[in-house]
Amino acid sequence: MKMIYPNIYVDSIHDIALEELKKRRIKGFILDLDNTITLWNSNDISIQVEEWFKKIKSMGFKACILSNNGEKRIVKVAQQLDIPYIHRAAKPNPRSFLRAMHLMGLQKEETAVIGDQLFTDILGGNRAGLFTILVVPLDRREFFGTKISRMMEKLVMHKIRRQQAKK
Ligand SMILES: [Mg+2]
């Protein structure tokens, strides 16, 4: 049972105390994709998430995406964020976590795993002997209201673009 307990539990990646992790000598993150940095089955990255990646890079942290999904799904996000990735990771198999760690050139005690699922991200990270951080799934953080307003936003943007195209 202990194997599914994360070292820390936060609302989102934005709530991770980065300075604290630096003090713990964490130097890189293995990140889950779905519901951790993007909405489930979506390639859209929010501005806030993009900013977060800029911030961790500027602080000297490395990052790698680790996902059980196929390559097609991950490659765009990884390219946009300019970070390496491992697809079809077969999480919670610890081997893929160690591969991601090696890809960043880090040691176990320097690597933290960030994900929203206990039985894949956290279990796998713990099995590999890494520091584990659980986040609340993105879709559960999304209020119905924001979803509606996003839809409206898209509609409005679409209209504006069409009008501009006519000019
Ligand atoms: Mg996930």
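1. Comments concerning the overall build of the protein
Counting its secondary structure elements, the protein contains 7 helices and 6 strands. Taking 167 residues into account, the globule formula puts the C-alpha radius of gyration at 15 Å, and the protein, at 17 Å, falls close to it. Classification of the 167 residues of the protein by burial places 44% in the buried group. Here the contacts in the protein between residues at least 6 apart in sequence split such that 66% fall between residues at least 24 apart. As displayed, the protein has an accessible area near 10200 Å², and 54% of this comes from carbon and sulfur atoms.

2. Considerations on the coordination of the magnesium ion
Coordination angles at a metal have ideal targets, namely 109.5 degrees for four tetrahedral donors and 90 or 180 degrees for six octahedral donors. Around the magnesium ion, the protein contributes the donor atoms Asp32 (OD), Asp34 (O) and Asp116 (OD), which lie 2.0 to 2.2 Å from the metal centre. For the magnesium ion, the donor residues sit on a single chain with the sequence spacing D-x1-D-x81-D. In this pair, Asp34 is assigned in the loop between strand S2 (28-31) and helix H2 (47-58) and Asp116 in the loop between strand S5 (111-115) and helix H5 (118-127), connecting sequence segments 82 residues apart. Residue classification places Asp34 among the buried residues on the basis of a relative accessible area of 13%.

3. Re the packing of aromatic side chains
Within this structure, the stated rule accounts for 3 aromatic pairs. With 4.9 Å between their ring centres and 35° between their planes, Phe29 and Phe61 make a pair best called tilted. With Phe29 in strand S2 and Phe61 in the loop between H2 and strand S3 (62-66), the pair connects residues that are 32 residues apart, well separated along the chain. Across the pair, exposure class does not vary: Phe29 and Phe61 are buried alike. Members of the aromatic cluster, connected to one another through ring pairs, are Phe29, Trp52, Phe53 and Phe61.

4. Quick look at helix H3 (residues 71-81)
Every buried residue of H3 is listed here: Arg73, Ile74, Val77, Ala78 and Leu81. Projected down its long axis, H3 carries its buried residues within an arc of 105°, all on one side. For H3, the exposed residues set more than 90 degrees away from the buried face come down to Lys72, Lys76 and Gln79. Buried residues in H3 make contact with H2, S3 and strand S4 (85-86). Directly beyond the C-terminal end of H3, a positive phi value near 55° is found at Asp82.

5. Thoughts on the domain arrangement of the protein
Per the domain assignment, the segments of the protein are domain 1 (2-136) and domain 2 (142-167). Distance from the C-alpha centre of domain 1 to the C-alpha centre of domain 2: 31 Å.

6. Concerning the sheet that holds S4
Strand order in the open sheet made by the 6 strands is S1-S6-S5-S2-S3-S4, with parallel pairing throughout. Looking along the sheet, the strands with just one partner apiece sit at the ends: strand S1 (8-10) and S4. Inspection of the sheet shows S1 paired to strand S6 (residues 131-135) by 3 bridges, in the parallel sense. Bridge assignment links Tyr9 to a residue of S6, and that residue is Leu134. Along the sheet face, H2 touches S2, S3 and S5 and points at about 150° away from the line of S2.

What counts and how
Throughout this document, residue positions are counted from 1 along each chain, in the order its sequence is written. In keeping with the model being predicted, local features are shown solely for residues with a pLDDT of at least 70 and side-chain atom pairs are shown and tallied solely at 80 or more, while totals for entire chains, interfaces and linings include all residues. To get the side-chain values, take all heavy atoms of the structure and skip hydrogens and water. Under the scheme used here, helices are H or I runs from DSSP no shorter than 4 residues and strands are E runs no shorter than 2 residues, and both carry numbers assigned from the N terminus. To get the radius of gyration, use the C-alpha atoms; to get the globule rule, take the number of residues to the power 0.38 and multiply by 2.2 Å. In this scheme, a residue with accessible area under 20% of its type's maximum is buried, one over 50% is exposed, and one in between is partly exposed, where area comes from a 1.4 Å probe on protein chains only. For this analysis, residues touch if any pair of their heavy atoms sits within 4.5 Å. Each accessible area is a Shrake-Rupley estimate made with a 1.4 Å probe; only the visible protein chains count as cover when residues are assessed. Metal donors: N, O and S atoms at distances within 2.8 Å, or within 3.2 Å for Na, K and Ca, with water omitted from the atom set so that some sites may seem incomplete. Here is the rule: rings of Phe, Tyr and Trp (six-membered ring for Trp) pair when centre to centre is within 6.5 Å. Planes less than 30 degrees apart are stacked, more than 60 are edge-to-face, and the remainder are tilted. Of all possible arcs, the one meant is that of the directions from the helix axis to the C-beta atoms. For the purposes of this description, domain bounds are those given by an automatic or database domain assignment. Here a strand pair is declared whenever DSSP counts at least two bridges between the two strands. With axes taken as lines fitted to C-alpha atoms, and helix axes fitted only over the stretch in contact, angles between N-to-C directions fall between 0 and 180 degrees.

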